[in-house]
Amino acid sequence: GQQVMQIPQYQHVQEGEDFTTYCNSSTTLSNIQWYKQRPGGHPVFLIQLVKSGEVKKQKRLTFQFGEAKKNSSLHITATQTTDVGTYFCAGNSGGTYKYIFGTGTRLKVLA
Amino acid sequence: NAGVTQTPKFQVLKTGQSMTLQCAQDMNHEYMSWYRQDPGMGLRLIHYSVGAGITDQGEVPNGYNVSRSTTEDFPLRLLSAAPSQTSVYFCASSSDQPGQGNQPQHFGDGTRLSIL
């Protein structure tokens, strides 16, 4: 079945440093969503990418969808303590409503 | 708007007991899903529904039942609780067909379930 791998599992950065998490699917995706989960909270939707090679930006966050639609990345520029949390990708292969989540990258920002 | 409401927030069960986790949404969303989240892992899809009367299995459906008699409600039933089902359970809802525009999944606050 479809698998979605996410690396790294953990990342500790100094405040102001950049951060990137990578998501790789075993199958071609129809679209991919990114979520952020704060400790003790629930996942909150960040963005959805649909087109091959798509790049979207939200302030300091840059999201990319690979040309083959099998991988994606989230890059945060100049991290802040408010960026702390776990970032998940969730891939959909199309045809069904199944979203398979990656294992997440837990980001810790040191002030 | 309340969004997605899950009850209870916490529950402790004994092995073999049954219970129902409730999920309700007030956004008239067609799509609803149940996920479980274990420590250090992502969310795994248990069951999902694309509308009232229609449900399907996700990645880890064994030991769980669902039904969707109304658009608003999507309860998850544990038939005979086992320690391996200790987890945090999230319900999510979404409108329209994912992949055809920005249709985010809205998550509830979760139910923290412990099976002794």
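Refer to the structure above for everything that follows.
Residues numbered from 1 in each chain as written. Chains lettered and ligands numbered in written order. Predicted model: local features only at pLDDT ≥ 70, side-chain atom pairs only at ≥ 80, totals over all residues. Heavy atoms only, no water.

Participant: Explain the overall build of chain B to me, please; I cannot follow it from the model alone.
Facilitator: The number of helices and strands found in chain B is 0 helices and 11 strands. For chain B, the succession of helices and strands along the chain, N to C, is β-β-β-β-β-β-β-β-β-β-β. Taken against the 2.2 N^0.38 rule, which gives 13 Å for 116 residues, the C-alpha radius of gyration of chain B at 14 Å falls within 12% of a compact globule. Seen through its C-alpha atoms, chain B measures out along the principal axes to roughly 40 × 30 × 25 Å. When the 116 residues of chain B are sorted by exposure, 48% land in the buried category. Nonlocal contacts in chain B, meaning residues at least 24 apart in sequence, comprise 54% of its contacts between residues at least 6 apart. For chain B, the accessible surface area stands at approximately 5200 Å², while carbon and sulfur atoms represent 49% of it. Distance between charge centroids for chain B: 13 Å, based on 7 positive and 9 negative side chains. (Helix = DSSP H or I, 4+ residues; strand = E, 2+ residues; numbered from the N terminus. Rg over C-alpha atoms; globule rule 2.2 N^0.38 Å. Buried < 20%, exposed > 50% of the residue type's maximum accessible area, 1.4 Å probe, protein only. Contact = heavy atoms within 4.5 Å. Areas by Shrake-Rupley, 256 points an atom, 1.4 Å probe, with all protein chains shown as cover. Lys, Arg positive; Asp, Glu negative; His and termini not counted. Charge placed at Lys NZ, Arg CZ, Asp CG, Glu CD.)

Participant: Looking at this model, I keep getting lost on the interface of chain A and chain B. Mind explaining?
Facilitator: Size of an interface, as often reported, equals the accessible area lost when the parts are brought together. The interface of chain A with chain B comprises 22 residues on the first partner and 30 residues on the second. Around 2000 Å² of area is buried between chain A and chain B when both sides are counted, 54% of it from carbon and sulfur atoms. On the chain A side of the contact with chain B, His42(A), Tyr97(A) and Phe101(A) bury the most area, a combined 34% of that side's loss. The interface formed by chain A and chain B holds 0 salt bridges in total. For the interface between chain A and chain B, the tally reads 5 residue pairs in polar contact (both at pLDDT 80 or more). (Buried area = accessible area lost by both parts, 1.4 Å probe. Salt bridge = Lys/Arg side-chain N within 4 Å of Asp/Glu carboxyl O. Polar contact = N/O pair within 3.5 Å; in protein donor to acceptor, adjacent residues only side chain to side chain.)

Participant: Help me understand the state of the cysteines, please; the structure alone is not making it clear to me.
Facilitator: What is meant by a disulfide is a covalent connection between two cysteines, made through their sulfur atoms. Per the stated rule, a full pass over the model turns up 2 disulfides over all chains. Note on cysteine connectivity: Cys23(A) is disulfide-linked to Cys89(A), with sulfurs 2.0 Å apart. Since a negative S-S torsion denotes a left-handed disulfide, the Cys23(A)-Cys89(A) link at about 75 degrees is right-handed. Linking Cys23(A) in strand E3 (residues 19–25) with Cys89(A) in strand E9 (residues 85–92), this pair joins segments that are 66 residues apart in sequence. Put simply, Cys23(B) and Cys91(B) are joined by a disulfide, and their sulfur atoms are 1.9 Å apart. One quick way to see it: the torsion about the S-S bond of Cys23(B) and Cys91(B) is about -75 degrees, and its sign makes the bridge left-handed. Taken together, the residues Cys23(B) in strand E3 (residues 19–25) and Cys91(B) in strand E9 (residues 87–94) connect sequence positions 68 residues apart. (Disulfide = S-S within 2.5 Å.)

Participant: So what exactly am I meant to see when it comes to the sheet that holds E3(B) here?
Facilitator: Whether parallel or antiparallel, the strands of a sheet pair through hydrogen bonds between backbone atoms. Residue and element names in this part refer to chain B. Spatial strand order, E1-E3-E8-E7: 4 strands in an open sheet with antiparallel pairing. Each edge of the sheet is formed by a strand with only one pairing partner; in this case those strands are strand E1 (4–7) and strand E7 (64–66). Going from strand to strand, the sheet's axes swing by 20 degrees on average, the running direction of each strand aside. Where E1 lies against E3, 4 bridges are found, and the strand directions are antiparallel. Looking at E3, one finds that Thr-7 is bridged to Gln-22. (Pairing = 2+ DSSP bridges. Axes fitted to C-alpha atoms, helices over the stretch in contact; angles between N-to-C directions.)

Participant: Honestly, the packing of aromatic side chains in this entry has me stumped. Any pointers?
Facilitator: Here a ring pair, both rings aromatic, is described through the centre-centre distance and the interplanar angle of the planes. Taken as a whole, this structure holds 11 aromatic pairs over all chains when the rule is applied. Aromatic side chains Tyr35(A) and Phe101(A) sit 5.6 Å apart centroid to centroid with 40 degrees between the ring planes, which places their arrangement in the tilted category. Of the two residues, Tyr35(A) is situated in strand E4 (residues 31–37) and Phe101(A) in strand E10 (residues 100–101); the sequence distance between them amounts to 66 residues. Given a relative accessible area of 6%, Phe101(A) falls into the buried group. Plain terms: the ring middles of Phe101(A) and Tyr35(B) are 5.1 Å apart, the flat faces sit at 80 degrees to each other, and that makes the pair edge-to-face. One end of the pair, Phe101(A), is in strand E10; the other, Tyr35(B), is in strand E4 (residues 31–37), on a second chain. (Phe/Tyr/Trp six-rings, centres within 6.5 Å; stacked < 30°, edge-to-face > 60°.)

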